[in-house]
Amino acid sequence: MDHPSDVRLSVRGLTLCYPNGTQALRGIDLEVRAGELLVVLGGNGCGKTTLLRCITRALRPGSGEVWLGGRNLADLNGLQLRQARQVLALIGQHAALVRRRSVTANVVCGALARHKTAWTALGGLPASELPGALACLRQVGLAHLADRRAGTLSGGQAQRVAIARALLQHPLVVLADEPVASLDPEAANDIMRLLRRLAHDEGLAVLCVLHQVDLAFAYADRVVGMRDGSIAFDRQRARLAVDEVNGLYTARAA
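Please read all numbers here as calculations on a predicted model, not as lab measurements.

Of all the residues in helix H9 (residues 242–250), the buried ones are Val245, Gly247 and Leu248. All buried residues of H9 project into a common sector of 145 degrees when viewed along the axis, lining one side. Against the buried residues of H9 lie strand S3 (37–41), helix H8 (213–219), strand S9 (222–227) and strand S10 (230–236).

What follows is the structure, given as structure tokens:
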């Protein structure tokens, strides 16, 4: 399947029906381009997180395609799927750091998929990845905390470490699932500025699920609105009206 050269992630006709009969996704189409921060908005239960889980193949979609790096993830399994997903990094709501280990050790964990050895299986760190880990910490502004134990970090600092860990995967695409939901407003803005910079300056394709409409308007290049498992709109943020976004959250109650 051919796509423009700057399209890093392409989703086509994605559907998912849960065993209880709930239609979670209804023919989702979207693309994320290099250098773009795309924000997905929508109320609880609209399918945002389910979409990300289908993209990563944590869930198997009922039908449709997920194109990443020239390969359709929906067709892959086992080793082929694990290899294809290495250019896809995921950042969650919680940083999920190993609190007793250093910041640097946590970042190096982002590279372990490239080092399947008995040493790493026992918790050892590949020394060859340490310079890269420090470079990723510099990218997120935390090189000065490289030796700090992760359990001593603030929530915003921990999420920056999680982003550095994702960067060490050398991803083409970053998926961020509610990355600022547990942060205070100042830290949330810092994280969104960082994600926007990584898209614009580093050429990453960033797909970010949010609840906060104000952050979408402040930082997104493009906004996708979801309602009842479908895409309600997909347009440049500058062409998006506040009332249209608010409709995502009022339609279910109406």
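Quick look at the layout of surface pockets now. Of the pockets and cavities examined, the largest pocket occupies roughly 650 Å³. Around the largest pocket, the lining is made up of 26 residues, and of these Arg85, Gln86, Leu88, Ala113 and Gln169 lie nearest the centre. Elements with a minimum of two residues in the lining of the largest pocket: helix H2 (78–84), strand S6 (88–91) and helix H6 (155–167). A total of four residues in the lining of the largest pocket trace back to one element, the largest contributor, which is S6. Its residues placed into classes, the lining of the largest pocket shows 13 nonpolar, eight polar and five charged.

A few words now on the sheet that holds strand S5 (residues 71–72). Read from one edge of the open sheet, four strands run S2-S1-S4-S5, paired in antiparallel fashion. Edge positions in the sheet fall to strand S2 (23–33) and S5, since each has one partner strand and no second. Two strands pair when backbone bridges link them, and strand S4 (residues 63–68) and S5 are joined in this way by two bridges, in the antiparallel orientation. By the bridge assignment for S5, tryptophan 67 is matched with asparagine 72.

Let us look at the pattern of salt bridges. Evaluation of the coordinates by the stated rule reveals seven salt bridges. A salt bridge links arginine 222 to glutamate 36, with the nearest nitrogen and oxygen atoms 2.7 Å apart. Linking arginine 222 in strand S9 with glutamate 36 in the loop between S2 and S3, this pair joins segments that are 186 residues apart in sequence. For the pair arginine 222 and glutamate 36, one class covers both residues: buried. A salt bridge links aspartate 234 to arginine 222; its shortest N-O distance comes to 2.7 Å. Of the two residues, aspartate 234 is situated in strand S10 and arginine 222 in strand S9; the sequence distance between them amounts to 12 residues. Residue class for aspartate 234 comes out partly exposed when judged on its relative accessible area of 35%. Among the residues examined, arginine 222 registers a relative accessible area of 9% and is labelled buried. Put simply, Asp6, Arg12, Glu31 and Arg33 are held in one network by salt bridges that share partners.

Reading the values: rules and limits
Residues numbered from 1 in each chain as written. Predicted model: local features only at pLDDT ≥ 70, side-chain atom pairs only at ≥ 80, totals over all residues. Heavy atoms only, no water. Buried < 20%, exposed > 50% of the residue type's maximum accessible area, 1.4 Å probe, protein only. Helix = DSSP H or I, 4+ residues; strand = E, 2+ residues; numbered from the N terminus. Arc of directions from axis to C-beta. Contact = heavy atoms within 4.5 Å. 1 Å grid on protein atoms, 1.4 Å probe; cavity = no way out; pocket = protein on both sides within 12 Å on 5 of 7 lines; lining within 4 Å. Points joined across faces, edges and corners; volume = space filled by probe spheres on them. Nonpolar A, V, L, I, M, F, W, Y, C, P; charged D, E, K, R; others polar. Pairing = 2+ DSSP bridges. Salt bridge = Lys/Arg side-chain N within 4 Å of Asp/Glu carboxyl O.

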